[in-house]
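Listed below, chain by chain, are the residues.
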Amino acid sequence: MKIAILGAGGLGKAAAQIIAQKTQMQLVAVADAGGFVFNPTGIDANELQNVKVGGSVSQMQGGQRSSDAIGEIINLKDEYDGVFLALPNLPNEFIPCVVQRFVEGGFQGALVDALKRTRAMEMIFDLDGLLQDNKCTFLSGCGATPGLLTAAAALAAQSFVKVEKVHIWWGVGIARWDDYKATIREDIAHLPGWDVDSAKALSDAEVEEVLGQSDGKLTLYNMEHADDVMLERAGVCERDQVTVGGVMDTRNAKKPVSTTMTLTGITFDGQRSEHKFILGDETTMAANVCGTALGYLHRAQWLHQRGVYGVFGSAEMMPLTVK
Ligand code: NAD
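Fair warning: this is a prediction, and the values are worked out from it, not measured in the lab.

**Let's talk about the overall build of the chain**
- The secondary structure content of the chain amounts to twelve helices and 13 strands.
- What you see for the chain is a C-alpha radius of gyration of 19 Å, in line with the 20 Å of a compact globule of 323 residues.
- Dimensions along the principal axes, computed over C-alpha positions, put the chain at roughly 60 × 50 × 35 Å.
- The burial tally for the chain puts 55% of its 323 residues in the buried class.
- Once local pairs closer than 6 in sequence are excluded, the contacts in the chain between residues at least 24 apart make up 75%.
- For the chain, the accessible area works out to roughly 14000 Å², and carbon and sulfur atoms hold 47% of it.
- Averaging the positions of the 28 positive and the 39 negative side-chain charges in the chain gives two centres separated by 4 Å.

The following block contains the structure:
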């Protein structure tokens, strides 16, 4: 499967490294805000890794500067089968608009995102008809949360006739915030008093100032996370039964808390119980997001090859392992 990655930040680079260790996928195109690189025989993940924060893939061998790198990748649509959107989603409609451009540009293949916000994902779901008409298969919410943990909740629900609640509490540790600028800005947007627009408007220095107020840690409660709408669509529970929060440490690669999904339900014989899904503390955000996204991209291609088109939430599907 030939892959294009949009966004060469923390997640885009990690996805490239994972693909380099697989035989069923080959990375052929990468775009960032400064340009793009395309190589039909494969892009060197090590060279991509060496692009510094603030640099661009356009500086790589064969790279080209462009003010519309996404448009350039769309023009190359016959050169790849799947797209991982590892772009910032500020404002909410950014990724939905990119998806629309791909479809209207004639791409007919598989796409995944690692979207987080409920409202953004609802915009993606609205594109279902357009994607069906144009023979595209899009799986949305294919990161860690939403993504891996949401799918785990859909699986955990099977032991119960009634699901009472799903609670996700995540922990992420990163050594440097600017390796994941979009992720951190989007997390700040969940803090009380902030929203997507005010977080987008922050300069890097201002982000550092916000992080400095709490020793580099962000603790987030009741996040507007699309796990809720995805589990509702998948028939697991109502959206208001889902809560998401967590702790992001931007100054220490060690996880501040273990990431845990807890589903509480009632069994057919009246027992109330909980299933827990706990991620290993050594697994990074990048491992959990990008591994899952690529597994879902493989699933999206599998569906596409069988003529199943349109938009689905990741909780409606299982990822398909990439060898
Ligand atoms: P980042 O800031 O490190 O990188 C973003 C990349 O996108 C950069 O390479 C930038 O140049 C590029 N970009 C920005 N605008 C562009 C444009 N118009 N055209 C082409 N490229 C453009 O981002 P990140 O921290 O890797 O996060 C990427 C996304 O993943 C975010 O939206 C974040 O919310 C999401 N995420 C999801 C989960 C999850 O579990 N679901 C977890 C972490 C991050």
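**Details of the site of the ligand**
- Around the ligand, 27 residues are found, and the nearest of them are L87, A144, A182, T183 and E186.
- In the model, an oxygen atom of the ligand is placed 2.9 Å from a nitrogen or oxygen of the A8 main chain.
- At 2.9 Å from an oxygen atom of the ligand is found a main-chain nitrogen or oxygen belonging to L11.
- About the coverage of the ligand: the protein hides 85% of its 880 Å² of free accessible area.
- Only α1 (10–20), α8 (181–188) and α12 (285–305) provide two or more residues apiece to the shell around the ligand.
- Counting residues per element, the shell around the ligand draws most heavily on α8, which supplies four residues.

**What about the domain arrangement of the chain?**
- For the chain, the assigned domains are domain 1 (2–144 + 286–316) and domain 2 (148–282).
- Distance from the C-alpha centre of domain 1 to the C-alpha centre of domain 2: 23 Å.
- Across the contact, 30 residues belong to domain 1 and 30 residues belong to domain 2.
- In total, domain 1 and domain 2 occlude about 2500 Å² of area from one another, counting both sides; carbon and sulfur atoms represent 57% of this.
- The largest contributions to the domain 1 side of the interface with domain 2 come from L90, K116 and R117, which together make up 30% of the buried area.
- Viewed at the interface, domain 2 and domain 1 are joined by five salt bridges.
- Linking D187 and K116 is a salt bridge whose minimum nitrogen-to-oxygen distance equals 3.6 Å.
- Seen at the junction of domain 1 and domain 2, the total is 16 residue pairs in polar contact (both at pLDDT 80 or more).
- Of all the elements, helix α5 (residues 118–125) adds the most residues to the side of domain 1 that touches domain 2, at five residues.
- Among the residues forming the side of domain 1 that touches domain 2, the class breakdown is 13 nonpolar, twelve polar and five charged.

**So, the pairing of strand β8 (residues 162–173)**
- In this sheet, strand β11 (residues 260–266) lies alongside β8 in antiparallel orientation, the contact comprising seven bridges. In the sheet register, I168 faces β11, and the bridge partner there is M261.
- As paired strands, β8 and strand β10 (residues 242–249) are joined by eight bridges and run parallel to one another. Each residue of the ladder has a partner; that of G173, found in β10, is D249.

Scoring rules and cut-offs
Residues numbered from 1 in each chain as written. Predicted model: local features only at pLDDT ≥ 70, side-chain atom pairs only at ≥ 80, totals over all residues. Heavy atoms only, no water. Helix = DSSP H or I, 4+ residues; strand = E, 2+ residues; numbered from the N terminus. Rg over C-alpha atoms; globule rule 2.2 N^0.38 Å. Buried < 20%, exposed > 50% of the residue type's maximum accessible area, 1.4 Å probe, protein only. Contact = heavy atoms within 4.5 Å. Areas by Shrake-Rupley, 256 points an atom, 1.4 Å probe, with all protein chains shown as cover. Lys, Arg positive; Asp, Glu negative; His and termini not counted. Charge placed at Lys NZ, Arg CZ, Asp CG, Glu CD. Near = heavy atom within 4 Å. Polar contact = N/O pair within 3.5 Å; in protein donor to acceptor, adjacent residues only side chain to side chain. Domains from an automatic or database assignment. Buried area = accessible area lost by both parts, 1.4 Å probe. Salt bridge = Lys/Arg side-chain N within 4 Å of Asp/Glu carboxyl O. Nonpolar A, V, L, I, M, F, W, Y, C, P; charged D, E, K, R; others polar. Pairing = 2+ DSSP bridges.

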